[in-house]
Amino acid sequence: MTRHPTGAAGPPAFRPWSTHRRELGEGLRHTGNHLVTVDILDGTLTALDPATPGDGSVLLRLDVPLGAVAPLAGLPGHWLAAAGTGAAVIAPDGSLAWLDHPGAADPRRSRVNDGCCDPSGRFWFGTMPYGPERGAGRLHRVGHDGSVTTVLDGLTIPNGPAFTADGTLMYLADSAEGRIDRFRVDPEDGRLLDRTAFAAFAPGAGSPDGMTVDDDGQLWVAVWGAGAVHRYAPDGTLTAVLPLPAVQPTSPALVNGTLFVATAAIGLTPQPDDRPDETRPGGAPRHDGRVLAAEVGASAPPARPAILHPGAPGVPSTTIAARPSGGATRREAL
């Protein structure tokens, strides 16, 4: 029997942490002092207080899609971001120093999606087509020297990835294909090895989206379209299903026993604030597009910062300088 994380008879009660509804809220990360989240298509980055509910403050707004960010080690106020069709360093004034645009070369119009850092400070992010084309998504890695390498082709909608605390295992979802794969990660160069199937979703059962690994090595997965977060043991056993008052969860984050979940309102009928939803037990309101929170008794390490070595493209020792666009993206064979 699937047990709920708190050990109680019923699932934990989620409450809205924010009131603002994001069209495509994603990339929820705990940076130590804040929760940050993006609205991908709106290009906004917002900081929330993990201790006090509220809408927080918008840190920046780009004129291109913004998939995910990681704080840049050694440069306060700077972010390494999946943006547009590639990766860039964002300075405190909002200016971008592009590292590369791997999605720009795609034959189909593409954009970035989710991303995060592994424990060594390498930044990983996905690109995907705007249209329904299968197999046109890819996974990329930003090295410590600022180079961008395409590490995996043939995906459709890459989501995650998520890493174990020692960085030796990576989980990657392909939302459109309804699967989560697990890889070994070479600690020296970040090369992916030994791809194995970890979890599969039946048609109509929702799609795996953003993920995080907790302090006990369990994987928490936002399930788009199913209004739930799943928790998996390291052996792939489904150990908990947590229903949410939102249909399209996208990204979980665990902070001091609290599970926060970003959600999306895109494609759904607008919900007037606090209107009872007759389709939910007790007529409880839906909170599509809001960040939700519930006590689950589990935690995870804060999001790892990105590490770019001094002199790396876009990161001189004292200033942020743009790298000319059009650099070739390297490729690896899995």
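Sequence order as written defines residue numbering, which begins from 1 separately in each chain. Thresholds applied to this predicted model are a pLDDT of at least 70 for local features of residues and 80 or more for the giving and counting of side-chain atom pairs; totals over whole chains, interfaces and linings are not thresholded and use all residues. Only hydrogens and water are set aside when side-chain values are computed; all heavy atoms of the structure are taken into account.

Per an unreviewed UniProt entry, the chain goes by the name SMP-30/gluconolactonase/LRE family protein and belongs to Streptomyces fungicidicus.

### Considering the pattern of salt bridges
Any Lys or Arg side-chain nitrogen found within 4 Å of a carboxyl oxygen on Asp or Glu counts as a salt bridge. Per the stated rule, a full pass over the model turns up 11 salt bridges. Within the structure, one salt-bridge network assembled from shared partners comprises Arg179, Asp181 and Arg195.

### Some points on the side chain of threonine 258
Every helix listed is a DSSP run of H or I at least four residues long, and every strand listed is a run of E at least two residues long, numbered separately from the N terminus. By the secondary structure assignment, threonine 258 is in strand E23 (residues 258-263). On the basis of relative accessibility, which here comes to 8%, the residue threonine 258 falls in the buried class. Under this definition, polar contacts are N or O atom pairs within 3.5 Å; protein pairs additionally need one hydrogen-donor-capable and one acceptor-capable atom, and for neighbouring residues in sequence, both atoms have to be side-chain atoms. Polar side-chain contacts of threonine 258 include one of 2.9 Å to the side chain of glutamate 295. Here, residues are in contact when the closest pair of their heavy atoms is within 4.5 Å. When residues no more than four places from it in sequence are discounted, the contact partners of threonine 258 are Ala253, Ala293, Ala294, Glu295, Val296 and Ala298. Relative accessible area decides the class of each residue, using a 1.4 Å probe on protein chains only: under 20% of the type maximum gives buried, over 50% gives exposed, and in between gives partly exposed.

### Looking at empty space enclosed by the protein
By rolling a water-sized probe across the atoms, one finds the places where empty space is left. Definitions used for this entry: grid spacing 1 Å over protein atoms alone; cavity, a set of points where a 1.4 Å probe fits but cannot get out; pocket, an open set with protein on both sides within 12 Å along at least 5 of 7 lines; lining residue, one with an atom within 4 Å of a point. Grid points are joined across faces, edges and corners, and a volume is the space filled by probe spheres set on the points. Throughout the structure, instances matching the rule amount to one cavity of 30 Å³ or more. Listed by contribution, the elements that provide at least two residues to the lining of the largest cavity are strand E2 (25-30), strand E6 (66-71), strand E10 (110-117), strand E14 (158-163), strand E18 (207-213) and strand E22 (249-255). Here the lining of the largest cavity is built from residues that sort into 19 nonpolar, three polar and three charged. Nonpolar residues are Ala, Val, Leu, Ile, Met, Phe, Trp, Tyr, Cys and Pro. Charged residues are Asp, Glu, Lys and Arg, and all others, Gly as well, are polar.

### So, the layout of surface pockets
Empty space within the largest pocket amounts to approximately 250 Å³. Around the largest pocket sit 15 residues that line it, and Leu24, Arg111, Ile157, Asp209 and Trp224 are the ones nearest its centre. Looking at the lining of the largest pocket, the elements with two or more residues in it are E10 and E18. For the lining of the largest pocket, the class distribution of residues is seven nonpolar, five polar and three charged.

### Examining the nonpolar core
Membership of the largest hydrophobic core comes to 19 residues, with the highest contact counts inside it found for Leu72, Leu80, Val89, Phe123, Phe125, Val142 and Leu308. Looking at this core, the elements with two or more residues in it are strand E7 (79-83), strand E8 (86-90), strand E9 (96-100), E10 and strand E11 (123-129). Those residues in contact with phenylalanine 125 that lie beyond four places of it in its chain are Ala82, Gly86, Ala87, Pro102, Val112, Asp114, Gly115, Arg138, Leu139, His140, Val142 and Val148. Here the nonpolar core consists of buried residues drawn from Ala, Val, Leu, Ile, Met, Phe, Trp, Tyr and Cys, with membership extended through side-chain atoms lying within 4.5 Å.

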